[in-house]
Amino acid sequence: MNYTAIRRTLGTILKFEAIFMLLPCVTALIYGEIEGAWYLLVAAGSFLVGQLMSMKSIDTHFFSKEGFIMVGLSWIVMSLVGALPFTLCGDIPNYIDAFFETVSGFTTTGASILVDVEALSHTSLIWRSFTHWVGGMGVFVLILSVLPNSGGYKMHLMRAESPGPTVGKLVPRLKDTARILYMLYIALTVMQAILLIIAKMPLFDALCTAFGTAGTGGFGIKGDSFAGYSVPIQVITAVFMILFGVNFNAYFFLTSKDNKKLAFKIEEVRVYFGIIVVAVIVITLNILKVCSGFGDALNKAFFQVGSIITTTGFATDDFNLWPELSKTILVVLMFCGACAGSTGGGIKVSRIMIMLKTARAEIQKYIHPRSVNRIKMDGKPVEDETKRGVSVYLLAYAAIFIASLLVISIDNFDFTTNFTAVAATINNIGPGLGVVGPAGNYASFSWLSKLVLIVDMLAGRLELYPILVLFSPSVWRRKG
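Computed from a predicted model, the values in this text were never measured in an experiment.

Before going further, it helps to spend a moment on the packing of aromatic side chains. Under the definition given, this model contains 31 aromatic pairs. Relative to Tyr442, the ring of Phe100 has its centre 5.7 Å away and its plane inclined at 40°; by these criteria the two rings are tilted. Here the residue Phe100 occupies a position in helix H5 (residues 95-106), and Tyr442 occupies one in the loop between helix H19 (415-426) and helix H20 (447-461), the gap between them amounting to 342 residues. The exposure class of Phe100 is buried, given its relative accessible area of 0%. Here Phe335 and Tyr397 contribute two aromatic rings whose centre-to-centre distance is 6.5 Å and whose plane-to-plane angle is 70°, an arrangement assigned as edge-to-face. Taken as a pair, Phe335 in helix H16 (residues 324-336) and Tyr397 in helix H18 (residues 384-408) lie far apart in primary sequence, 62 residues in all.

Right, let's talk about the pattern of salt bridges for a bit. Per the stated rule, a full pass over the model turns up 10 salt bridges. Residue Asp205 pairs with Lys222 through a salt bridge whose shortest N-O separation is 4.0 Å. A residue pair is termed long-range when its members are at least 10 positions apart, and Asp205 in helix H10 (residues 203-214) and Lys222 in the loop between H10 and helix H11 (231-244) qualify at 17 residues. Judged by its relative accessible area of 8%, Asp205 is buried. Taking the shortest distance from any N to any O, the salt bridge between Glu324 and Lys327 comes out at 3.0 Å. Placement of both Glu324 and Lys327 in helix H16 is noted, with a separation of 3 residues, approximately one turn of the helix. Where salt bridges share partners, they join Asp296, Lys300 and Asp317 into one cluster.

Our focus in this paragraph is unusual backbone geometry. If you check the backbone angles, Thr108 has positive phi at about 60° while not being a glycine. Unlike most non-glycine residues, Leu464 shows phi in positive territory, near 75°. Mapped onto the secondary structure, Leu464 falls in the loop between H20 and helix H21 (465-470).

One can find Asn441 in the loop between H19 and H20. Judged by its relative accessible area of 18%, Asn441 is buried. Among the polar contacts listed, one links the side chain of Asn441 to the backbone nitrogen of Ala443, at a separation of 3.0 Å. Here Asn441 is in contact with Ser112, Ile113, Leu114, Val115, Val435 and Val436, once residues within four sequence places are set aside.

Looking now at the side chain of Ser112. Within the secondary structure layout, Ser112 lies in the loop between H5 and helix H6 (122-137). Take Ser112: its relative accessible area is 12%, and that puts it in the buried class. Of the polar contacts made by the side chain of Ser112, one reaches the backbone nitrogen of Leu114; its length is 3.0 Å. Here Ser112 is in contact with Phe100, Glu101, Arg128, Phe219, Asn441, Tyr442 and Ala443, once residues within four sequence places are set aside.

Helix length check: H6, at 16 residues, gives a terminal C-alpha distance of 24 Å against a target of 22 Å (1.5 Å per residue), a fit within 8%. Burial runs high along H6: 15 of the 16 residues are buried. Downstream of H6 by one or two residues, Gly138 has phi in the positive range, about 110°.

So, how was this worked out
- Residues numbered from 1 in each chain as written.
- Predicted model: local features only at pLDDT ≥ 70, side-chain atom pairs only at ≥ 80, totals over all residues.
- Heavy atoms only, no water.
- Phe/Tyr/Trp six-rings, centres within 6.5 Å; stacked < 30°, edge-to-face > 60°.
- Helix = DSSP H or I, 4+ residues; strand = E, 2+ residues; numbered from the N terminus.
- Buried < 20%, exposed > 50% of the residue type's maximum accessible area, 1.4 Å probe, protein only.
- Salt bridge = Lys/Arg side-chain N within 4 Å of Asp/Glu carboxyl O.
- Polar contact = N/O pair within 3.5 Å; in protein donor to acceptor, adjacent residues only side chain to side chain.
- Contact = heavy atoms within 4.5 Å.
- Expected span 1.5 Å × (residues − 1).

Function cannot be inferred from these measures alone, as they are strictly geometric.
This is the structure:
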């Protein structure tokens, strides 16, 4: 185990987090809020400790095991430090609640313990939303895009943090791949913010919304989430939620000179849009009776489907009151999630496709024992290692889900609340049904349940393995 490399990586993370906290500090200056002093204090302390931890050492190379540990520990440390200003400035006095809120932010979950979000200072609101943006593309992707000497061994960090069954490079150099991803990410974020401002959304609201949409996080700054905004603002946000749920490879191909056609050949993206269209049509027809007309039903269905399948979590209506068919479709979309290589959470469309194609191939094998059925994605054969990885992922996912459900059931909430609370956190969505519906929150859960749901949020965002590796005793042995 290369403990030196782990220490240096954690130090680098702390220094980056200190830089991130400058945004709420500037916000505090603009609005004249004293809360900014606490953010500045935590930022200074974070940078100092980070500088001491990241002092130069000889051996900086590491392998897959260290990569998973670095990512898992870094996200936990980042959240622990990021929660401090909330408690110190008094916006979220209970540190467990502040930790829950911060993990929910960085993991782009959007689950909240806040009863009155509008009571927060502008300083805390901007930090709360900005954590979504930082966590959306991934902090290590950012680090790899700006730091020099990103050797091949740092691909272990990319694999541990990036969503999807497979992770690869867009271009030969990993650093250039990370830089391209962030350039696309920033461009889409800026584009959305500009359109929201044109649609007469206040600048502060537009920035918070763009941060939350880009990271598919869902922290709203209003008590009614998005219900109070105009229809044009809702439509713009819904469109960008869906766009951020697309595999970023498609955008890379669209912006390249010679590979534009490849963007339309990505099978996962086509299925992703197909699911959205079908879900919107069915839900629109199903909720007509509880809406003021077809246009209202279509707008609400489009927004909510886009919000749930991309695991963003914004809401324009309390879908907890919708007919059972619509609620069931939304729960299914919670598990489905967005595309691999996007900022969305969930199991991912590509994993579901591989699983279904594998099942179909096995059935064909029983019917025609001598036939050879190799499943393909985008015209290319899917390797056995990828299929095995999907199977193991789903098994681990089910085990964590069931264990979490059993533990939080101790709080004695109804099954719908418990089930969707776990589904909403492990899939990084935010709102569920029942007590944790769009009009509710997670404040009434016990500290034990909150800690379990925190682990679920981290496991869901990091694709399970980094968190599972952290809890494996054999990993921490110096020998073997």
